[in-house]
Amino acid sequence: MARFVNLLKLSVGSESVDTLRAWQASRRPLYDDGLPRHVTRMWPKRESELLDGGSIYWVIKGQIQARQRVVRLDEVMHDGIRHCALVLDPEVHATATSPRRPFQGWRYLDPKDAPPDLSKTRTGDDTLPADLSKALADIGVL
């Protein structure tokens, strides 16, 4: 049984896994360690479980489509308010798609409910249109 927990987060503005990768790559030079970050207002209460092997699963266009391992949590101050920077592994893993309804903030995702990574050999596959991918996932084909 897994001891870790994952996060689920909308990737607002991303059109695809590739656009998520490109946006993160463009921001990496801003940080001394070159690692991508996602800043959020709330600090995960289950920090130790998250850092024990957890990932952030990205919802893009209503589907979980990718994940990144969470490396650490950094405190960031904005206008005197404490925020949490989720420091991420730079490798973005494409996952099997899984539909998700819109939500605000982030949610915990149990490892048993997380979609599997796509094999490295499938990363070059043509991407299905989002509506077709969603329809196939809805009926359990993907």
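Computed from a predicted structure; not experimentally measured.

Peer 1: Describe the pattern of salt bridges, with residues and values.
Peer 2: According to the stated counting rule, one finds 12 salt bridges in the structure shown. Glutamate 75 is paired through a salt bridge with arginine 82; the nearest N and O atoms lie 2.9 Å apart.

Peer 1: So, the environment of methionine 42: which residues are in play, and what are the values?
Peer 2: Structurally, methionine 42 is set in the loop between strand S2 (37-40) and helix H2 (47-50). The partly exposed category is assigned to methionine 42, whose relative accessible area is 46%. Spatially, the C-alpha atoms of methionine 42 and alanine 85 are 9.5 Å apart, while their sequence positions differ by 43 residues. Non-local contacts of methionine 42, meaning those with residues more than four positions away in its chain, are made with Cys84 and Trp106.

Peer 1: Before we move on, could you go through the environment of leucine 86 and cite the residues and values that matter?
Peer 2: Tracing the chain through its elements places leucine 86 in strand S5 (residues 81-88). A residue is classified by how much of its surface remains accessible, and leucine 86, at 1% relative accessible area, is buried.

Peer 1: Any details on the packing of aromatic side chains? Residues and values, ideally.
Peer 2: The description of two aromatic rings rests on the distance between their centres and on the angle between their planes. Evaluation of the coordinates by the stated rule reveals 1 aromatic pair. An angle of 80° between the planes, with centres 5.1 Å apart, marks the rings of tryptophan 106 and tyrosine 108 as edge-to-face. Here tryptophan 106 falls in the buried class, since its relative accessible area comes to 15%. Assessed through its relative accessible area of 29%, tyrosine 108 is described here as partly exposed. Sitting above the plane of the tyrosine 108 ring, arginine 46 keeps its charged end 5.0 Å from the centroid.

Peer 1: Talk me through the nonpolar core; I want residue IDs and the actual numbers.
Peer 2: Within the largest apolar cluster, 16 residues are counted, with the highest numbers of intra-cluster contacts made by Leu50, Ile56, Trp58 and Leu86. Secondary structure elements with two or more residues in this core: helix H1 (17-27), strand S3 (55-60), strand S4 (63-78) and S5. Here leucine 50 is in contact with Val5, Asn6, Leu7, Pro44, Ser55, Val70, Leu73 and Leu86, once residues within four sequence places are set aside. Of all hydrophobic cores here, the second largest spans 8 residues; its members include Tyr57, Val59, Ile64 and Leu109.

Peer 1: Explain unusual backbone geometry to me, and be specific about the residues and the numbers.
Peer 2: One non-glycine residue, lysine 61, lies in positive phi territory at about 55°. On the secondary structure map, lysine 61 appears in the loop between S3 and S4. A residue is classified by how much of its surface remains accessible, and lysine 61, at 45% relative accessible area, is partly exposed. Residue aspartate 79 is not a glycine yet carries a positive backbone phi of 55°. By the element assignment, aspartate 79 lies in the loop between S4 and S5. In this structure aspartate 79 comes out as exposed when scored by relative accessible area, which is 81%.

The rules we used
- Residues numbered from 1 in each chain as written.
- Predicted model: local features only at pLDDT ≥ 70, side-chain atom pairs only at ≥ 80, totals over all residues.
- Heavy atoms only, no water.
- Salt bridge = Lys/Arg side-chain N within 4 Å of Asp/Glu carboxyl O.
- Helix = DSSP H or I, 4+ residues; strand = E, 2+ residues; numbered from the N terminus.
- Buried < 20%, exposed > 50% of the residue type's maximum accessible area, 1.4 Å probe, protein only.
- Contact = heavy atoms within 4.5 Å.
- Phe/Tyr/Trp six-rings, centres within 6.5 Å; stacked < 30°, edge-to-face > 60°.
- Lys NZ or Arg CZ within 6 Å of the ring centre and 35° of its normal.
- Core = buried A, V, L, I, M, F, W, Y, C linked by side-chain atoms within 4.5 Å.

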